[in-house]
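Each chain, written out:
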Amino acid sequence: MPHDCSFLEDLPLAADRISVADERRESHATDYGAERIDDGGVLPDAVVWPACTADVSAVLAAATDRGVPVTPYAAGTGLEGNAVPAHGGISLDLTRMDEVVDYRPADLQIDVGPGIIGSDIDEYVAGDGLFFPPLPSSGDISTIGGMIATDASGMQTVRYGEVADWVLGLEAVLADGTVIETGSRAIKTSSGYNLTDLIVGSEGTLAVVTEATLELAGRPEQVRGGRAIFETLDDAVEAVFDAVRTDVGVAKIELVDGLSATMANEYLGSDLPDAPMVFLEFHANHGVEAEIDLCRTIFEDHAVGRFEMSDDDAEMAALWQARREMAYAVSAYDPDLEPLHPGDVTVPLSSYPEIVRETKRLADEYDLLVPCFGHAGDGNLHYSVLVDPDDPAHRTRGEDLYREIVALAIELGGTATGEHGIGEGKQRYLEPEHGAGAVDAMRAVKRALDPTDTLNPGKIFPETADGERLTEAER
């Protein structure tokens, strides 16, 4: 249903901050996840680029008064339709709020707008020997606001944790336009409800973040990277489990199966061996060689074929490029096949070998291509089920396989989504993972902070998956 957004012209917004042009609306109808499955998305009725917190507050207050949905939008790199304006209305594009508001290197802290690109933070603080450790693999194209919305994480989670662990406080705007501040610049606080952690990972359904206070870390003096090549996938995943359990000082420990390596080679023209591999990077201020030796010893217990380390920046950059661009390599592998929903399950580390083995067994059982890769050190498995989009039976097999893997992850005590969020794509798994009582508690929080369902309706909760917003009775 179209929404009348003419009221935007009466708000204190510059003319170039509002657009109803078709090309602008079309560019905000999808995110990367929707585009990769050829989903046409949903056209918003208007796009707004706020310049400041006051702009966001004015838009939300006016939209809520008129029953117009508002969907926060940034770089559009989400994988679960998180930023698709499922019910039309306003796409609130925060990319122009990309400034560094304040920088306190002595406190290892920086205050930034939600539209700043993650890697730009690293560049800004590099001169002081600092960095923002939890950046995801897409940190050079995604914004800090988007990372906060999905509680993103990446290849360094095994050592540094996820984005939530590095957010000290937020400035955010509620659906009715109320501006709140959460958290503290102190390293720890036990004062009141932890509203920061409530908003982090809420996918723009509870509030719109307009400023974030982030903690920084010192760059390690010693960085070494490389790869370990195994004869079998079983050997590789068991080696990872042993290394992390032994608390080897590794910052990145990534699984790449043989099929993924083949796809990366075809896409990048690289020369990765057609074999299961573990990509590694060690960070330390001293004693890095001892950590590498310990890891090598553990891997030798699991029949590692080759264990190759380097401190050459170019060699390491080539290695990590292959891992960062794996999703693109998978999508480009066969023009007759396309990947289904992005697999993003995470399990307790002790169950990681089992989830990998079962995924490959199911691939054989269903006779489908399923490349596996991921952040093995924190139990996060990424997998893609490749199907023929023009063959309904083939697609159904793929959907069944995909769901079996998610169901197993939950059964093992894990999660349907380690870092991409629920969005539109994983709503069916929310209650099986958390239970009806917990999901009802989530609904209660949503209704308390956003009783009119203004903010990003159609996301997270299954009852809005069919295009119907909450009824008055449901509120």
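Everything numeric here is computed off the predicted structure, so don't read it as measured data.

What counts, and where the lines are drawn
Residues numbered from 1 in each chain as written. Predicted model: local features only at pLDDT ≥ 70, side-chain atom pairs only at ≥ 80, totals over all residues. Heavy atoms only, no water. Helix = DSSP H or I, 4+ residues; strand = E, 2+ residues; numbered from the N terminus. Expected span 1.5 Å × (residues − 1). Buried < 20%, exposed > 50% of the residue type's maximum accessible area, 1.4 Å probe, protein only. Arc of directions from axis to C-beta. Contact = heavy atoms within 4.5 Å. Pairing = 2+ DSSP bridges. Lys, Arg positive; Asp, Glu negative; His and termini not counted. Salt bridge = Lys/Arg side-chain N within 4 Å of Asp/Glu carboxyl O. Domains from an automatic or database assignment. Buried area = accessible area lost by both parts, 1.4 Å probe.

A.B. asks: In this structure, what is going on with helix α10 (residues 288-300)? I would like to understand it.
C.D. replies: Side chains three or four residues apart in an α-helix point the same way, a direct result of the helix having 3.6 residues per turn. Over its 13 residues, α10 runs 18 Å from end to end, which matches the ideal 18 Å to within 8%, given 1.5 Å per residue. Residues of α10 that are buried include every one of Val-288, Ile-292, Cys-295, Ile-298 and Phe-299, and no others. The arc enclosing the buried residues of α10, seen along the axis, measures out at 125 degrees, which places them on a common side. The elements touched by buried residues of α10 are β12 (222-230), α8 (233-245), β13 (250-256), β14 (277-284) and β15 (304-310).

A.B. asks: How do you make sense of the pairing of β13 when you look at a structure like this?
C.D. replies: Regular strands place their side chains on alternate faces of the sheet. Among the seven residues in β13, seven count as buried, and that is most of the element. The pairing of β13 with β14 spans six bridges and is antiparallel. In the strand pairing of β14, Leu-255 is matched with Val-278. Here β13 pairs with strand β18 (residues 372-374) via two bridges, running antiparallel. Bridging from a neighbouring strand, Val-256 pairs with Phe-373 of β18.

A.B. asks: How should I be thinking about the side chain of Asp-151 in this particular structure?
C.D. replies: Mapped onto the secondary structure, Asp-151 falls in the loop between α5 (144-150) and α6 (157-160). For the buried Asp-151, no salt bridge exists, and the shortest N-O distance to an oppositely charged side chain is 15 Å, to Lys-426. Every residue in contact with Asp-151, bar those within four places of it in the chain, is listed here: Glu-162, Val-163, Ala-164, Val-200 and Gly-201.

A.B. asks: Could you clarify how one ought to interpret the domain arrangement of the protein in this entry?
C.D. replies: Many descriptions give the size of an interface as the accessible area lost when the pieces come together. The domains assigned to the protein are domain 1 (6-93), domain 2 (100-218), domain 3 (221-333) and domain 4 (334-451). Once you take the C-alpha centre of each, domain 1 and domain 4 turn out to be 28 Å apart. Contacts between domain 1 and domain 4 engage nine residues on the former and 12 residues on the latter. For the pair domain 1 and domain 4, the two sides together bury roughly 940 Å², of which 44% comes from carbon and sulfur.

A.B. asks: What should I look at first to understand the pattern of salt bridges in this one?
C.D. replies: Where side chains of opposite charge bring their charged atoms close, a pairing between them can arise. One pass over the full model with this rule turns up 22 salt bridges. When the shortest N-O distance is used, the salt bridge between Arg-357 and Glu-238 registers 3.3 Å. Linking Arg-357 in helix α13 (residues 352-366) with Glu-238 in helix α8, this pair joins segments that are 119 residues apart in sequence. The class of Arg-357 is partly exposed, set by a relative accessible area of 35%. The exposure class assigned to Glu-238 is partly exposed, which follows from its relative accessible area of 26%. Between Lys-446 and Asp-450 there is a salt bridge, with its nearest N and O atoms 2.7 Å apart. According to the relative accessible area criterion, Asp-450 is buried, its value standing at 2%. One network of salt bridges, with partners in common, ties together Asp-102, Arg-104, Asp-111 and Arg-185.

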